[in-house]
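# Fold and geometry: a report
Spelled out, the chains give:
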Amino acid sequence: NLKAIQEAALNARDLIVFAVVGSYLQVTTAQARVVAMRAQAESSRSVYQQASDRLKAGLNARIDVTRSQVQYQTDLQRLRSEQADVEKEKLNLSRVIGLPYGSDFTIAEDFPYAALVDLSVEGALKAANATRADLRSAHVAVQAAESALRAAHAEYFPTVSMAGDFGAAGLNPSQAHGTYTVGAKVNIPIFQGGRVQGDIEQARATLNQRKAELQDTFGVVDREVRVAFIDLNAAADQVVVAESNVYLSKDTLRQARDRFVAGIADTVEV
């Protein structure tokens, strides 16, 4: 039971690490969204400025200016919302790691994306089953319950006990002489009612409960690993699509600039 509690304490430390790392990554994610939203707002501002210039030159209608202005202001609102999310996530991180209330800090690293290599679901499950402290705690709890069941069965066995003492007796230390007693006792259970059987049934029920908890923990670990890989694969696919979009956007910009230099497109397209 002591070993199970020690493993449970290690599991609690793992959960703290998980919470801190997760909160840190939430901050970096929110900061990345701010960068993306700031770029979108800058793009909307450029479109609005170009529409305003074309209106002054008499090349388009006021509705184009109004539409681009609404989009620009909407993007500014979204940018402010993303910036607020960053501050909230930083407050959460500050609370998790125990910083003084109201502390202002900056994140040192943003952890750029890197594809996972040489990592499979089977390998991750094997590593989790070998290293997870909650699984070790559940394993040891089952062993403790098995020991308790054996101890309950052993209440039927006879017991032998011995006791003894040694001392000194006399009117004064010079006249003292040693005294001692030695005794032995054999206890043979004959009739104990249903106490021992009750202890056995209780221990067996506890053992069944611990085994069920162990199986449930296996299920939790299996689900967490598989869900993590589903999220990782989905995120990796999103990165691939995003990288493709970046390439296509740069290609579109290059073509728009070429068309502008050739005199067949205006600055709005660029």
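Just so it is clear, the structure is predicted and the values come from calculations on it, not from any experiment. (Residues numbered from 1 in each chain as written. Predicted model: local features only at pLDDT ≥ 70, side-chain atom pairs only at ≥ 80, totals over all residues. Heavy atoms only, no water.)

## Brief notes about the overall build of the chain
When helices and strands are tallied, the chain shows five helices and two strands. Its helices and strands taken in sequence order, the chain reads α-α-α-α-β-β-α from the N to the C terminus. Scaling as 2.2 N^0.38, a compact globule of 270 residues should have a C-alpha radius of gyration of about 18 Å, whereas the chain reaches 37 Å, well beyond that. With respect to the three principal axes, the spread of C-alpha positions in the chain is 125 × 50 × 35 Å. Out of the 270 residues in the chain, the part that is buried amounts to 20%. Taking as baseline every contact in the chain between residues at least 6 positions apart, the subset at least 24 positions apart corresponds to 69%. A total accessible area of about 19,500 Å² is found for the chain, and carbon and sulfur atoms account for 58% of it. Measuring between centres, the 29 positive side-chain charges of the chain sit 3 Å from its 32 negative side-chain charges. (Helix = DSSP H or I, 4+ residues; strand = E, 2+ residues; numbered from the N terminus. Rg over C-alpha atoms; globule rule 2.2 N^0.38 Å. Buried < 20%, exposed > 50% of the residue type's maximum accessible area, 1.4 Å probe, protein only. Contact = heavy atoms within 4.5 Å. Areas by Shrake-Rupley, 256 points an atom, 1.4 Å probe, with all protein chains shown as cover. Lys, Arg positive; Asp, Glu negative; His and termini not counted. Charge placed at Lys NZ, Arg CZ, Asp CG, Glu CD.)

## A word on the packing of aromatic side chains
As enumerated under the stated definition, the model contains one aromatic pair in all. Ring geometry for Y48 against Y72: centres 6.2 Å apart, planes inclined by 15°, an arrangement best described as stacked. Residue Y48 is located in helix α1 (residues 2–56), and its partner Y72 is located in helix α2 (residues 62–97); the two are separated by 24 residues in the primary sequence. A relative accessible area of 18% means that Y72 is categorised as buried. Positioned over the ring face of F105 is K90, at 5.2 Å from the centre of the ring. (Phe/Tyr/Trp six-rings, centres within 6.5 Å; stacked < 30°, edge-to-face > 60°. Lys NZ or Arg CZ within 6 Å of the ring centre and 35° of its normal.)

## What to know about helix α5 (residues 195–261)
Given a rise of 1.5 Å per residue, 67 residues ought to cover 99 Å, and the 98 Å separating the end C-alpha atoms of α5 matches this to within 8%. Inspection of α5 places V196, I200, A203, L207, L214, T217, V221, V225, F229, D251 and A256 among the buried residues, and these make up the whole buried set. Buried-residue contacts for α5 involve α3 (121–131) and α4 (133–153). Positive backbone phi, approximately 80°, marks G263, located one or two places after α5. (Expected span 1.5 Å × (residues − 1).)

## Focus: the nonpolar core
Side chains of a nonpolar character, in soluble globular proteins, are inclined to be buried together. Membership of the largest hydrophobic core comes to 17 residues, with the highest contact counts inside it found for L149, I200, L207, L214, V221 and V225. The set of elements that each furnish at least two residues to this core consists of α3, α4 and α5. Looking at this core element by element, the count peaks at eight residues for α5. When residues no more than four places from it in sequence are discounted, the contact partners of L149 are I200, A203, R204 and L207. Core analysis: the second largest hydrophobic core is formed by six residues, A30, V34, L79 and V86 among them. (Core = buried A, V, L, I, M, F, W, Y, C linked by side-chain atoms within 4.5 Å.)

## As for unusual backbone geometry
One non-glycine residue, D118, lies in the positive phi region at around 55°. The topology assignment puts D118 in the loop between α2 and α3.

## Describing α1
With 55 residues, α1 extends 81 Å between its outermost C-alpha atoms, agreeing within 8% with the 81 Å of an ideal straight helix rising 1.5 Å per residue. Directly beyond the C-terminal end of α1, a positive phi value near 75° is found at G58.

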